[in-house]
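Descriptive analysis of the structure
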Amino acid sequence: MIKASGMYYMPETPAEKVCDEGDFIFAAIGLDHGHIYGMSKGLIEAGGQIKWVYDPDPLKVEEFCKVFPQVKVARSMDEVLMDSSVHLVASAAIPFERCNIGLKAMEAGKDYFADKPPMTTMEQLEKAKETVQRTKRKYMVYYGERLHNEASVYAGQLVQNGEIGRVLQVIGLGPHREGKGRPAWFYEKDKFGGILCDIGSHQIEQFLFFTGAKDAKVQAAKVANYNHKQYPNFEDFGDVTLIADNGATGYFRVDWFTPDGLRTWGDGRLFILGTEGYIEIRKYIDISRDENTDHVYLVNKDGEHYINVKGKVGFPFFGELILDCLNRTEYAMTQEHVFKAIELALEAQSKAIKLE
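These lines cover the structure that appears in this document, whether it is placed above or below.

What counts, and where the lines are drawn
Residues numbered from 1 in each chain as written. Predicted model: local features only at pLDDT ≥ 70, side-chain atom pairs only at ≥ 80, totals over all residues. Heavy atoms only, no water. Helix = DSSP H or I, 4+ residues; strand = E, 2+ residues; numbered from the N terminus. Rg over C-alpha atoms; globule rule 2.2 N^0.38 Å. Contact = heavy atoms within 4.5 Å. Areas by Shrake-Rupley, 256 points an atom, 1.4 Å probe, with all protein chains shown as cover. Expected span 1.5 Å × (residues − 1). Buried < 20%, exposed > 50% of the residue type's maximum accessible area, 1.4 Å probe, protein only. Pairing = 2+ DSSP bridges. Axes fitted to C-alpha atoms, helices over the stretch in contact; angles between N-to-C directions.

1. Observations regarding the overall build of the protein
Within the protein, the regular secondary structure consists of 11 helices and 15 strands. A compact globule built from 356 residues would reach a C-alpha radius of gyration of about 21 Å, and the protein, at 19 Å, matches this within 12%. Oriented by its inertia axes, the alpha-carbon framework of the protein measures out at about 55 × 50 × 40 Å. Restricting the contact set of the protein to residue pairs at least 6 apart, pairs at least 24 apart contribute 71%. Entry remark: accessible area of the protein is about 14900 Å², with carbon and sulfur atoms responsible for 52%.

2. Topic: helix α10 (residues 316-327)
Compared with an ideal rise of 1.5 Å per residue, which puts 12 residues at 16 Å, α10 spans 16 Å between its outermost C-alpha atoms and is within 8% of the ideal. For α10, the complete set of buried residues consists of F317, F318, G319, L321, I322, D324 and C325. On the buried face of α10, the contacting elements are α1 (35-45), β4 (88-91), β5 (111-115), β6 (139-142) and α6 (144-147).

3. So, the sheet that holds strand β8 (residues 216-224)
Read from one edge to the other, the open sheet built from 9 strands follows the order β14-β13-β12-β11-β7-β10-β9-β8-β15, with strand pairing classed as mixed. In this open sheet, the two strands that pair with only one neighbour each are β14 (303-308) and β15 (353-355). The mean inter-strand angle of the sheet, taken between neighbouring strand axes irrespective of direction, is 10°. Note: strand β12 (residues 277-282) against strand β13 (residues 295-300), 6 bridges, orientation antiparallel. Looking at β13, one finds that Y278 is bridged to V299. Along the sheet, helix α7 (residues 150-160) contacts β7 (167-175), β11 (269-274), β12, β13 and β14; its crossing angle with β12, the most-contacted strand, is approximately 170°.

4. Here's the deal with the environment of C19
Here C19 lies in the segment before β1 (25-29). Classification of C19 as buried rests on a relative accessible area of 11%. In sequence terms C19 and G48 are 29 residues apart; their C-alpha atoms lie 7.5 Å from each other. In this structure C19 touches F24, A46, G47, G48, I322 and L326, once residues within four positions along its chain are discounted.

5. Overview of unusual backbone geometry
Cis geometry marks the peptide bond from K116 to P117, where omega comes out at -10°. When you line up the elements, P117 lands in the loop between β5 and α5 (122-135). At S288, a residue that is not glycine, the phi angle is positive and equals roughly 65°.

Here you go:
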């Protein structure tokens, strides 16, 4: 993991392979966001084999091949899609391009694994839903703040085991560092979808998961461009309040204001309140104390507990995703959940009040 920027987040942990060599072949199409490295690494660690990479930018392809030297460079997207041995296409293209790649992949008989946000408009969401229904292919999403963070994985296990009772509220804080050298599309709202669509989709997915909700209402949403006036269509701050269909409430804040003095790219936190206890997750650092990742604090009837779970629980999502693709099951994440998270993010984005 490169700590300076969350764009190249690629955590390491021992993983159990869920299939034999050659059982699950995947390809990478679209390398605009560095999350494609974490997505690919997670699948490989779980037993997948990467066969192809395609991007119109040869420099991006060259860098990708340095990390994954076993991959073959495709001359076009069609060369990948016509390969009947490929089970799944992974993509971290520019956000507004991700849906179109997914539609083509599913029409070609492949499952699809997109970086978040998986799309940027409601129209794209409806097309994706229709194509999933018709082709029976999967449209999965890399909601990495939960799926690729061991503290979040462990907190999910605590919640599911009843350690804090019924979950009443989830509060998520998702600060990010802007860093240097961001591409032009990063500052264009029509290309990244807005801050609530983009990094806000992480937070909504976590809210639905930890509360066990199937749906929610967006009660309030706000966005702002406080400190990037040179990019008038950019948003560097956003927050949302939600009420789930089971009565749980949620609030999250996302921003691009991580200061240079922090030793990692963002002090991501999550607070989960239950009827019998609460959990705090310090995902990437415990400031001024410990620069390691994956800190979990639990308070319940048995007392106060601190657990560092780095390297201890792994990332089961990737193996579950591979098995779901091979067996046509839904253990990693349901399609309904995937689409509901981005639907609510898009709704929040469209309803958001703009602050000055």
